[in-house]
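The primary structure of each chain is shown beneath.
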Amino acid sequence: MPMSRDEIFKKVQEVLVDALGVDEEEVTPTAVIKDDLGAESIDFLDIMFRLEKAFGIKIPRGEMMPENLANDTKLVKDGMITPTGIAELKQRMPHSDFSTFENDPKLDNMSKLFTVDAIVNYVQQKLAAV
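Reference entry: report on the structure contained in this document. Here the structure is a predicted model, which is why all the values come from computation and not from measurement. (Residues numbered from 1 in each chain as written. Predicted model: local features only at pLDDT ≥ 70, side-chain atom pairs only at ≥ 80, totals over all residues. Heavy atoms only, no water.)

1. Comments concerning the packing of helix 1 (residues 5-20) against helix 2 (residues 41-55)
Turning to step 1, where the next piece is worked out: Look at helix 1 against helix 2: their axes get within 10 Å of each other, and the N-to-C directions meet at 140 degrees. The pairing of helix 1 with helix 2 is recorded here as oblique in orientation. Seen from above, helix 1 lies across helix 2 with right-handed handedness. Together, I8, K11, V12, V15, L16, D18, A19 and L20 of helix 1 and D43, D46, I47, R50, L51, A54 and F55 of helix 2 make up the contact between the two elements.
Turning to step 2, where the next piece is worked out: Each residue belonging to the contact of helix 1 with helix 2 can be placed in one class, and the counts come to 10 nonpolar, no polar and five charged. (Axes fitted to C-alpha atoms, helices over the stretch in contact; angles between N-to-C directions. Helix = DSSP H or I, 4+ residues; strand = E, 2+ residues; numbered from the N terminus. Parallel < 35°, antiparallel > 145°, perpendicular 65-115°, else oblique. Left-handed = near helix turned anticlockwise from the far one by under 90°. Contact = heavy atoms within 4.5 Å. Nonpolar A, V, L, I, M, F, W, Y, C, P; charged D, E, K, R; others polar.)

In structure tokens, the structure reads:
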């Protein structure tokens, strides 16, 4: 029987509590992994490894969070994600909510796309595809 969204959220919450040493109450659906939970770049690898183990899924590099976008001048110009870049991100990150980001598409704001809810959405999509 497939896992419910609540079951996926609880498991993701456990992974983030263990990986980041945060309190369970801090891991809310809207919490931003970097800004609210204090994750650093090395933590993202650990989180992905733990998610793979917890859910029995494979997370290819760059699939949950696209890499090296800042180097592509069609996607980023003067520290801003271009309309082409936003379209590319939406295609590569269908699990993220772009509503706030589109109003201020600074490259620095890209980390705000990676929320607990985005991870739950991603895992849910991966499990549905199995």
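2. So, the nonpolar core
Turning to step 1, where the next piece is worked out: With 27 residues, the main nonpolar core has V12, L16, I33, L51 and V116 as its most contacted residues.
Turning to step 2, where the next piece is worked out: When contributions to this core are tallied by element, the ones reaching two or more residues are helix 1, helix 2 and helix 4 (116-129).
Turning to step 3, where the next piece is worked out: No other element matches the seven residues that helix 1 contributes to this core.
Turning to step 4, where the next piece is worked out: Those residues within four positions of L16 in sequence are excluded, and the remaining contacts are G21, V22, V27, I33, L37, I47, V116 and I119.
Turning to step 5, where the next piece is worked out: Within the second largest apolar cluster, 11 residues are counted, among which are L75, I86, F98 and M110. (Core = buried A, V, L, I, M, F, W, Y, C linked by side-chain atoms within 4.5 Å. Buried < 20%, exposed > 50% of the residue type's maximum accessible area, 1.4 Å probe, protein only.)

3. Some thoughts on empty space enclosed by the protein
Turning to step 1, where the next piece is worked out: Evaluated as defined, the whole model comprises one cavity of 30 Å³ or more.
Turning to step 2, where the next piece is worked out: Lining the largest cavity are M65, P66, M93, M110, S111 and F114.
Turning to step 3, where the next piece is worked out: Per-class residue counts for the lining of the largest cavity are five nonpolar, one polar and no charged. (1 Å grid on protein atoms, 1.4 Å probe; cavity = no way out; pocket = protein on both sides within 12 Å on 5 of 7 lines; lining within 4 Å. Points joined across faces, edges and corners; volume = space filled by probe spheres on them.)

4. Some remarks on the pattern of salt bridges
Turning to step 1, where the next piece is worked out: Within this structure, the stated rule accounts for 10 salt bridges.
Turning to step 2, where the next piece is worked out: The closest approach of N and O atoms between R5 and D117, which form a salt bridge, is 2.6 Å. Of the two residues, R5 sits in helix 1 while D117 sits in helix 4, which places them 112 residues apart along the sequence.
Turning to step 3, where the next piece is worked out: A salt bridge links D104 to K106; the nearest nitrogen and oxygen atoms lie 3.2 Å apart. (Salt bridge = Lys/Arg side-chain N within 4 Å of Asp/Glu carboxyl O.)

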